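# An overview of the molecular structure
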Amino acid sequence: TVCVILAAGEGKRMRPLTGSRPKVMLPLAGRPMLEHLLNAVMDAGITDFIFVVGYGEASVRNFFGDGTSKGISIRYVTQKRQQGTGDALMTVRPHVHSQFLLLNGDMVLHSDDIKAMLKTPAPAMGVFTSNHPQDYGVVTMDGDIITGLEEKSLHPKSDLINAGMYLFEPGIFEELETIRPSPRGELELTDALMTYIQNKTLRGVRLSFWADMGSPWDLLGVHEEMMREIIPEHQGVIEEGVIIKGDVQIGSGTVIMSGSYLEGPCIIGADCKIGPHAYIRPGTAIGNACHIGHSSEIKNSIIMDKTNVPHFSYVGDSVIGSGCNLGAGTKIANLRHDKGTIIIGGTDTRRRKFGAVIGDDVLFGINCSVNVGSIIGNHCRIGPHSLVEGKLEDHTVIRR
Ligand code: TTP
């Protein structure tokens, strides 16, 4: 069975993090999202892959290559414009002649569930029990047969959702030929499933685990889960007087300077300088060539390559892109006084603790304060002593 992975989307809801990278390349526990998914599918025994790429495709192709380094085959098909999942699937038609597994690239799965799917007669769809089905395509079932599928219903008829995982025969391409663009102007793969549902031939496979990542707070939530499973590895130089607790990964060329306190699970990439006297708390993943300096505390956050938090800063429950610099004393709030969940642009993150989402190449002057739930676009320049709240577009300049 060949596995087709849809990885062409930009991920608009992930902005500004997707300004310079496609959603599937966002880091999750130190590795691109797509690599975690690929590993799970490989663990289920599949070795032949087709990636549908588009937005930011060069970074996907460069990172994964033809798959030989992993002992698999990866072919690429380009979807020129991201006109929907149905359109994305159509691009692989010339390359697929027998049963295939189809996966959205922006989710994590367990290999046992993929194995179960592969044993099911096609066509089949992965379904998952969700606490908030109204956010997804809601599925109704009769035994193991899917009887209905309704997108983002305000009154969901069940708590089962479409997981974006399918086992298809090439017959799906004929179904795709019959569909028309949806109200949002996209060719939706789910519209092509209606004939199967009406004829009661689409089987549902219940998944034991599933998470997708639409927004940065979803990314952080899945990241937290994945960090629990990291394998400790200490490379680089660890100076005397460093305390390391729990599972910690330290990359080559990194120096952990005296007085630093590292609580796992945490990941420090390659060529970083940590400390002296830095405090790295659980759930933190720092990219390559970063500097986290004296009296800076980082908790449960994703920090991408070449970003510096050099002196007297606090960063909690945040996602920060690459090439940023936090001026001395800059702090990010992550908890409301009323302990309510953090709402961002009208969307409830369902998190009591969430800091900020900061794009690439953002520079802060000294002593800036960033309020909970702030979204700071790429290339912003924030003058000293600024209070940042709400959403800043790319290239915003705050002068003081
Ligand atoms: P979506 O979540 O619908 O789209 P997206 O990832 O671009 O995110 P957003 O809505 O925030 O813009 O996509 C589901 C999966 O399908 C995801 O893995 C990306 C992929 N995809 C394509 O490959 N081509 C497309 O044209 C679209 C819309 C999605």
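The rules behind the values
- Residues numbered from 1 in each chain as written.
- Predicted model: local features only at pLDDT ≥ 70, side-chain atom pairs only at ≥ 80, totals over all residues.
- Heavy atoms only, no water.
- Axes fitted to C-alpha atoms, helices over the stretch in contact; angles between N-to-C directions.
- Helix = DSSP H or I, 4+ residues; strand = E, 2+ residues; numbered from the N terminus.
- Parallel < 35°, antiparallel > 145°, perpendicular 65-115°, else oblique.
- Left-handed = near helix turned anticlockwise from the far one by under 90°.
- Contact = heavy atoms within 4.5 Å.
- Nonpolar A, V, L, I, M, F, W, Y, C, P; charged D, E, K, R; others polar.
- Domains from an automatic or database assignment.
- Buried area = accessible area lost by both parts, 1.4 Å probe.
- Salt bridge = Lys/Arg side-chain N within 4 Å of Asp/Glu carboxyl O.
- Polar contact = N/O pair within 3.5 Å; in protein donor to acceptor, adjacent residues only side chain to side chain.

Moving on to the packing of helix α1 (residues 33-43) against helix α4 (residues 111-118). For the pair α1 and α4, the least separation of the axes is 8 Å and the interaxial angle reads 55 degrees. With respect to their mutual orientation, α1 and α4 come out oblique. In the crossing of α1 with α4, the sense of the turn from one axis to the other is right-handed. Contact residues: Ala40, Val41 and Asp43 in α1; Ser111, Ile114 and Lys115 in α4. A per-class count over the contact of α1 with α4 returns three nonpolar, one polar and two charged.

Partitioning the chain into domains gives domain 1 (2-214) and domain 2 (233-398). Of note, the centres of domain 1 and domain 2, computed from C-alpha atoms alone, are 32 Å apart. Contact residues are listed per partner, giving 13 residues for domain 1 and 17 residues for domain 2. Overall, the association of domain 1 and domain 2 removes approximately 920 Å² of surface from exposure, summing both partners, and the carbon and sulfur fraction of that is 63%. Asp360 serves as the salt-bridge partner of Arg21, at 2.9 Å between the closest nitrogen and oxygen. In this structure, the connection of domain 1 to domain 2 is made through six residue pairs in polar contact (both at pLDDT 80 or more). Class assignment for the residues of the side of domain 1 that touches domain 2 results in five nonpolar, five polar and three charged.

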